[in-house]
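# Geometric and topological summary
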Amino acid sequence: MKERDSESFESLSQVLPNTSNPGHMIQMAMANSGSSAAAPSGQDQLDRSKLLLECHEPPSPWHELKSQVKESFLTKAKKFKSLQKQPLPKRILFILQAVFPIFGWCRNYKLTMFKNDLMAGLTLASLCIPQSIGYATLAKLDPQYGLYTSVVPPLIYALMGTSREIAIGPVAVVSLLLSSMLQELIDPETDPLGYKKLVLTTTFFAGIFQASFGIFRLGFLVDFLSHAAIVGFMGGAAIVIGLQQLKGLLGITNFTTNTDIVSVLRAVWRSCHQQWSPHTFILGCSFLSFILISRFIGKKNKKLFWLPAIAPLISVVVSTLMVFLTKADEHGVKTVRHIKGGLNPISINDLEFNTPHLGHIAKIGLIVAVVALTEAIAVGRSFAGIKGYRLDGNKEMVAIGLMNVLGSFTSCYVATGSFSRTAVNFAAGCETAMSNIVMAVTVFVALECLTRLLYYTPIAILASIILSALPGLIDINEAIHIWKIDKLDFLALIGAFFGVLFGSVEIGLLVAVVISFAKIILISIRPGIETLGRMPGTDIFADTDQYPMSVKTQGVLIFRVKSALLCFANASSIGERIMGWINEEEDDENTKSNATRKILFVVLDMSNLINVDTSGITALVELHNNLIQNGVELVIVNPKWHVIHKLNQAKFVSKIGGRVYLTIGEALDACFGLKV
């Protein structure tokens, strides 16, 4: 085929070696090649081109939106009509199942399933109780608020959520977000009541945003935080949280409120030269080692999955007894002291809507809502994929949102899915969301009966429990994987990591989002352009760089733009690059032979383009004019519906002589009158 193309072009050059009229050259070439034999094929091509050019007007964006809403409404209307034919009990059950998925799976619930859920729930509670107390202190709240958050939100999620394995409660990253951003508005040390009100109000706004994302199907907003950004953010947040726990681990009294690594290390250095408690440090490190060793044993022996789950609870019990028996609290070991017990108090009146900080609270609520949803949905989908069922993203958002709204009414702060506790729940053999109910009931019993026993619990143990959970947030293997696959994604990861580490949590998130958007803009502004050649023995045209064996057609340059949109951001760049490529190609051809002109056609494959704007059309007109001045004709191949409609409206198709075809092969046949 390559020889055939060369022979065809040579015959073309021999007939008209000095002419500059490509159209006349093509006519002569077609006459010499006996194109009359291919007349039926040419007629078929003409018919297909007419179909392409005479297609009716595509639907407008408003019409598409209206159609989607109408389709959604009609689907629901059909369900409603079919539901009306059902008896009243079935109708009620259907509505309940749609709103509360628990009414779906509880119909087939068996005793054996409850035994598994009971075991998983108790195991989960043994991990949840000490972690919840620790995360509450990380959020600069009293310890009981962590326990409150492990009672009401899990119960609501069990009623409305679609995940069977996810464990709901407070998590480290969200606790850090709240404390780092809200303490800039009110100091939790000087005004704990005002700070608590801000936390509850932020929780309310976070829940409203999360539920709204699900109701209005705005889940794409969560995707603004890319996977790479989340990996970097989590890693940086884990280190910041770990540094913050040095206060409890060392028994330091005065500590910085800043979260950046420089401020924290400076505060630790100063405190170590002044006052710190060796007894507290030894106690904390001992139990931290115990928790980490038990986790290592649990990973090595899957049958001992329960050991790392109950290790934090064992640490709390044993350390509390040690402090009580040795009276270590009188020798500098700080303890939790009083934890208020009992059922969650109603906190509707604590929500602050008349505060001057309301705008800041709403902004913080939005940030927390997105981060919490991202973590929960990622965790839920991971384990749903393992179990082989589908997670309904919109229902998840509504369930998580409503549990946080109702949680703000019952003294809870922002709750979401915890990866570490979900992994424990899964390993313990949970069958349904009943494990969340068992966990919530167990935590409630602890609130009622056991809070007095925690009076002598060392603060260092809570710091150790938080520190033991942090390695799971730092995913070095995933960072290496991202580096190997996409360097720009890795840049977003590094930006988020160092932004959190050396700036603040907000700066880390902002840097990650900015880099992610910059990546999108960069790809849009500088899209790749492929030169295409024909794969030997086929009718397929492929990138000549990717497939060096592909054959270029002499006299023709075939380009394909690797972008979905030809717009103001990239149109000029694409035109300049195409002209540069043509000049380079002609220079190469002139170097190889003494021919005055080799390029006759530029074929632009638009199969990737979904849409084009006025700037894109203007750039195409300029490209066409530049090509005409150089004696080169422009040919368009496979434009999409919206693209060809706009090109027709702009009279661009008539300017290029109607040279618009469905395939590259048809374009070459029509141009040269030869089978390529």
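Definitions and cut-offs
- Residues numbered from 1 in each chain as written.
- Predicted model: local features only at pLDDT ≥ 70, side-chain atom pairs only at ≥ 80, totals over all residues.
- Heavy atoms only, no water.
- UniProt positions renumbered as here; feature names shortened; annotations may be inferred.
- Salt bridge = Lys/Arg side-chain N within 4 Å of Asp/Glu carboxyl O.
- Helix = DSSP H or I, 4+ residues; strand = E, 2+ residues; numbered from the N terminus.
- Buried < 20%, exposed > 50% of the residue type's maximum accessible area, 1.4 Å probe, protein only.
- Axes fitted to C-alpha atoms, helices over the stretch in contact; angles between N-to-C directions.
- Parallel < 35°, antiparallel > 145°, perpendicular 65-115°, else oblique.
- Left-handed = near helix turned anticlockwise from the far one by under 90°.
- Contact = heavy atoms within 4.5 Å.
- Nonpolar A, V, L, I, M, F, W, Y, C, P; charged D, E, K, R; others polar.
- Core = buried A, V, L, I, M, F, W, Y, C linked by side-chain atoms within 4.5 Å.
- Pairing = 2+ DSSP bridges.

The protein chain carries the name STAS domain-containing protein in an unreviewed UniProt entry, which gives Eruca vesicaria subsp. sativa as its organism. Entered under Subcellular location (unreviewed entry) in the UniProt record, the comment concerning the protein chain runs "Membrane".

Counting across every chain of the model gives 9 salt bridges. Put simply, Lys196 and Asp350 hold a salt bridge, and the shortest N to O gap is 3.3 Å. Pair noted here: Lys196 is in helix 11 (residues 192-215) and Asp350 is in the loop between helix 16 (306-326) and helix 17 (358-387), with a separation of 154 residues, a long-range link. Neither residue differs from the other here; Lys196 and Asp350 are each classed as buried. Salt-bridge contacts for Arg534 lead to Asp539; the nearest nitrogen and oxygen are separated by 3.5 Å. When salt bridges that share partners are traced, they join Asp486, Asp489 and Lys519 into one network.

The subject of this paragraph is the packing of helix 12 (residues 227-244) against helix 23 (residues 487-502). At a minimum axis distance of 7 Å, the contact between helix 12 and helix 23 shows a crossing angle of 25°. Taken together, the axes of helix 12 and helix 23 lie roughly parallel to each other. The interaxial crossing formed by helix 12 with helix 23 has right-handed handedness. When helix 12 is examined against helix 23, the residues Ala228, Ala229, Val231, Gly232, Phe233, Gly235, Gly236, Ala237, Ile239 and Val240 are found in contact with a partner set consisting of Asp489, Ala492, Leu493, Ala496, Phe497, Val500 and Leu501. The class makeup of the residues in the contact of helix 12 with helix 23 is 13 nonpolar, 3 polar and 1 charged.

The next subject is the nonpolar core. In terms of nonpolar packing, the biggest core is built from 108 residues, with Leu177, Leu178, Phe233 and Val368 touching the most fellow members. Take this core: its biggest share by element is 13 residues, from helix 17. What Phe233 contacts, discounting residues up to four positions off in sequence, is Val173, Leu177, Val371, Ala496, Phe497, Val500, Val505 and Leu509. Counting 33 residues, the second largest nonpolar core, distinct from the first, contains Ile578, Leu604, Leu609 and Ile617.

Our focus in this paragraph is the pairing of strand 7 (residues 601-605). The buried fraction of strand 7 is high, at 5 of 5 residues. Of the two faces of strand 7, both are covered, the one formed by Phe601, Val603 and Asp605 as well as the one formed by Val602 and Leu604. Bridge count between strand 5 (residues 556-562) and strand 7: 5 bridges; the pairing is parallel. Counterpart to Leu557 in the pairing with strand 7 is Val602. Relative to strand 9 (residues 633-637), strand 7 is paired through 5 bridges, and the arrangement is parallel. In the sheet register, Phe601 faces strand 9, and the bridge partner there is Glu633.

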